[in-house]
Amino acid sequence: QVQLVESGGGLVQPGGSLRLSCEGFGITFGRKGLNWYRQPPGKQREWIASITSVGTTTYDASVKGRFTISRDNAKNTIYLQMNGLKLEDTAVYYCNFGGTQSYAYWGQGTQVTVSS
């Protein structure tokens, strides 16, 4: 059974940093592209970052320059380093394999709240 397990969310002040982790179980990350999405309160889930199997990264404009996606295949884990957090970054953050395809896998999500 495939499971993606996120961790690292929490409450942070504007301008602060958090690092999210996503570990895979029942799935080998090594040759797969992986993604981070988020769902702000009252809004739809949105894509924010991707990393390919060879480490190429892409970002949504809203997070580019502030967030960094990375991977450690030996640990079967991807990360999202979030710096310069803003109020509008408040959301539930999900890691994902497969994007919006029918076979996609999602984690349970981790809450990030940016508040003063």
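Our structure is the block above this text.
### So, the side chain of Asp 89
Part 1 of the argument: Along the chain, Asp 89 turns up in the loop between strand E8 (77-82) and strand E9 (91-97).
Part 2 of the argument: In this structure Asp 89 comes out as buried when scored by relative accessible area, which is 0%.
Part 3 of the argument: With residues near it in sequence (within four places) discarded, Asp 89 still touches Arg 38, Arg 66, Phe 67, Gly 84, Val 112 and Val 114.

### Some points on the state of the cysteines
Part 1 of the argument: Here the structure, examined in full by the defined rule, presents one disulfide.
Part 2 of the argument: A sulfur-sulfur distance of 1.9 Å marks the disulfide that ties Cys 22 to Cys 95. Between Cys 22 and Cys 95 the disulfide shows an S-S torsion of about 50°. By sign, it is right-handed. With Cys 22 in strand E3 (residues 18-25) and Cys 95 in strand E9, this pair connects stretches of sequence that are 73 residues apart.

### Some words on unusual backbone geometry
Part 1 of the argument: For Asn 76, which is not glycine, the phi dihedral falls at a positive 55°.
Part 2 of the argument: Here Asn 76 lies in the loop between strand E7 (67-72) and E8.
Part 3 of the argument: You can call Asn 76 buried: its relative accessible area is 14%.

### Re the packing of aromatic side chains
For any pair of aromatic rings, the description consists of the separation of the ring centres together with the inter-plane angle of the planes.
Part 1 of the argument: Evaluated as defined, the whole model comprises four aromatic pairs.
Part 2 of the argument: With 6.1 Å between their ring centres and 50° between their planes, Phe 97 and Tyr 103 make a pair best called tilted.
Part 3 of the argument: We classify Tyr 103 as partly exposed; its relative accessible area is 47%.
Part 4 of the argument: Site record: aromatic cluster; members linked through ring pairs are Tyr 37, Tyr 94 and Trp 106.
Part 5 of the argument: One cation-aromatic arrangement involves Lys 32 over Phe 97; the distance from NZ or CZ to the ring centre is 5.9 Å.
Part 6 of the argument: The ring of Tyr 94 has Arg 45 sitting right over it, with the charged end atom 3.8 Å from the ring centre.

### Description of the sheet that holds E7
Part 1 of the argument: Pairing within the open sheet is antiparallel, and its four strands lie in the order E1-E3-E8-E7. Since the sheet does not close on itself, it has two edges, and those belong to strand E1 (3-7) and E7, each with one partner. On average, each strand axis in the sheet is tilted by 15° relative to the strand beside it, whichever way the strands run.
Part 2 of the argument: Looking at chain direction, E1 and E3 are connected through five bridges and run antiparallel. Considered in E3, the bridge of Gln 3 is made with Phe 25.

### Topic: the environment of Trp 47
Part 1 of the argument: Take Trp 47: it is sitting in strand E5 (residues 46-51).
Part 2 of the argument: Placed 64 residues apart in sequence, Trp 47 and Gln 111 show a C-alpha to C-alpha distance of 16 Å.
Part 3 of the argument: Excluding residues that lie within four positions of it along the chain, Trp 47 makes contacts with Asn 35, Trp 36, Tyr 37, Thr 58, Tyr 59 and Asp 60.
Part 4 of the argument: Within the structure, Trp 47 has its side chain in polar contact with the backbone oxygen of Ala 49 (distance 3.2 Å).
Part 5 of the argument: A polar contact is formed between the side chain of Trp 47 and the side chain of Ser 50, at a distance of 2.7 Å.

What counts and how
- Residues numbered from 1 in each chain as written.
- Predicted model: local features only at pLDDT ≥ 70, side-chain atom pairs only at ≥ 80, totals over all residues.
- Heavy atoms only, no water.
- Helix = DSSP H or I, 4+ residues; strand = E, 2+ residues; numbered from the N terminus.
- Buried < 20%, exposed > 50% of the residue type's maximum accessible area, 1.4 Å probe, protein only.
- Contact = heavy atoms within 4.5 Å.
- Disulfide = S-S within 2.5 Å.
- Phe/Tyr/Trp six-rings, centres within 6.5 Å; stacked < 30°, edge-to-face > 60°.
- Lys NZ or Arg CZ within 6 Å of the ring centre and 35° of its normal.
- Pairing = 2+ DSSP bridges.
- Axes fitted to C-alpha atoms, helices over the stretch in contact; angles between N-to-C directions.
- Polar contact = N/O pair within 3.5 Å; in protein donor to acceptor, adjacent residues only side chain to side chain.

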